[in-house]
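The residues making up each chain are set out below.
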Amino acid sequence: MSVKQVLIFDSGIGGLSVFERVIKQSPAIKYFYLFDNAYFPYGELKPDFLIQRLMSLLSSFVGRHKIDLIVIACNSASTVALQYLRGHFSIPIVGVVPAIKPATFLTKNGVIGLLATPATINGAYTARLIDEFAAGKQVLKIGSTQLVKLAELKLQGKLIQQADMESVLAAWLILEKMPDTIVLGCTHFPLLKAEIARCFKHKINLVDSGNAIAQRVTQLLGKGGMAEIKNTHQAYFTKVYQPDEGANFNALQRSFLAYGFNSLQLYI
Ligand code: DGL
């Protein structure tokens, strides 16, 4: 049996929070990670443009590598484009959407915070999720690209200032009845879990969809093959990092290495 190959896709490093759960449950798969930093941040793109971009980039990648399954490890892309991508590709596509439903079981005070990108916060898909699953709960929303950028910086080795975190969450931190449960509706945000939790004086439930995605991949592909695959996972990005934009590519490369990838290269 040949080894299965899975593509994990995001606009940036957020998909790594999904990848680490997926590889834990399905270790006998070869993973490709592709991120579209050329059009980052996805949370600020127009839906039509994003759909076109996803179609062309993913078609190109799948045309060059034999991929058995794609994980769209990006809420902004999944909530906008999942149905189009599934209609277009014949391989299974697993997407990620905000974990509203599990949050409703965890909240004790009935106040749920949804932290996501502006696209996910304003999208019709998210509105439907809230209507369907969170009736009777209060759902407070913050859409932030700043937080996405902070997660990117963290993986480039930068220290994240608590004040920057608190300014993103400011609208919730002044409330008398703050959320006791926060849905991390962007795959970048689980990478900032500790920093988010530190902003609150009380214990807070932070919920994401990583494990649900991992379960779905295992359901569809099983464990992949017989033996754990190591040292062959490859990561690609779509635009060269410019030092004068303050990017630290070497530190980013080290982060990908630490996640188990043996290369990080430009996709051309
Ligand atoms: N990681 C992505 C998400 O889950 C998007 C970040 C962005 O590019 O805005 O929504």
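Heads up: the structure comes first, above all this text.
The structure contained in this document is the topic of the report that follows. All of these numbers come straight from a predicted model, not from anything done at the bench.

This next bit is on the pattern of salt bridges. Taken as a whole and assessed by the stated rule, the structure comprises 5 salt bridges. The shortest N-O distance in the salt bridge between Lys 66 and Asp 68 comes to 2.8 Å. With a relative accessible area of 54%, Lys 66 lands in the exposed category. What makes Asp 68 buried here is its relative accessible area of 18%.

Ranked by size, the top nonpolar core spans 53 residues in total, and within it Val 71, Leu 115, Ile 196, Phe 200 and Phe 256 carry the most contacts. Counting residues per element, this core draws most heavily on helix H7 (residues 145-155), at 5 residues. Excluding anything up to four places from it in sequence, Val 71 contacts Val 6, Leu 7, Ile 8, Phe 9, Val 18, Val 94, Ile 213 and Val 217. Judged by nonpolar contacts, the second largest core, of 26 residues, contains Tyr 42, Val 80, Leu 85 and Ile 91.

Below, the discussion takes up the packing of aromatic side chains. What the rule picks out here adds up to 17 aromatic pairs. Each residue in the set Phe 19, Tyr 31, Tyr 33, Phe 35, Phe 237, Tyr 241, Phe 249, Phe 256 and Phe 261 is aromatic and connected to the rest through ring pairs, giving one cluster.

We now examine H7. Turning to H7, its buried residues number three or more, namely Thr 145, Leu 147, Val 148, Leu 150, Ala 151, Glu 152 and Leu 155. A side-chain oxygen of the first residue of H7 lies 3.3 Å from the backbone nitrogen of Gln 146; this N-cap is Ser 144. Taken from the residues just after H7, Gly 157 is the one with a positive phi, measuring 85°.

Basis of the calculations
- Every chain's residues receive numbers from 1 upward, in the order its sequence appears when written.
- Per-residue local features of the predicted model are confined to residues with pLDDT of at least 70, and side-chain atom pairs are confined, for both listing and counting, to 80 or more; whole-chain, interface and lining totals are unaffected and use all residues.
- Note that water and hydrogens are dropped before the side-chain values are worked out from all heavy atoms of the structure.
- One speaks of a salt bridge when a side-chain nitrogen belonging to Lys or Arg is within 4 Å of a carboxyl oxygen belonging to Asp or Glu.
- To sort residues, take the accessible area from a 1.4 Å probe on protein chains only and compare it with the maximum for the residue type: under 20% means buried, over 50% means exposed, and anything in between is partly exposed.
- Only buried residues count toward a nonpolar core, which is a set of Ala, Val, Leu, Ile, Met, Phe, Trp, Tyr and Cys residues joined through side-chain atoms within 4.5 Å.
- Strands here are runs of E lasting at least two residues and helices are runs of H or I lasting at least four, both read from the DSSP assignment and numbered beginning at the N terminus.
- We call two residues in contact whenever any of their non-hydrogen atoms come within 4.5 Å of each other.
- Note on ring pairs: Phe, Tyr and Trp rings are taken, using the six-membered ring of Trp, and paired if centres are within 6.5 Å. Classes follow the plane angle, with under 30 degrees stacked, over 60 edge-to-face and the rest tilted.
- Definition of a polar contact: a pair of N or O atoms within 3.5 Å, with one able to donate and the other able to accept a hydrogen when the atoms are protein atoms, and with sequence-neighbouring residues admitted only if both atoms are side-chain atoms.

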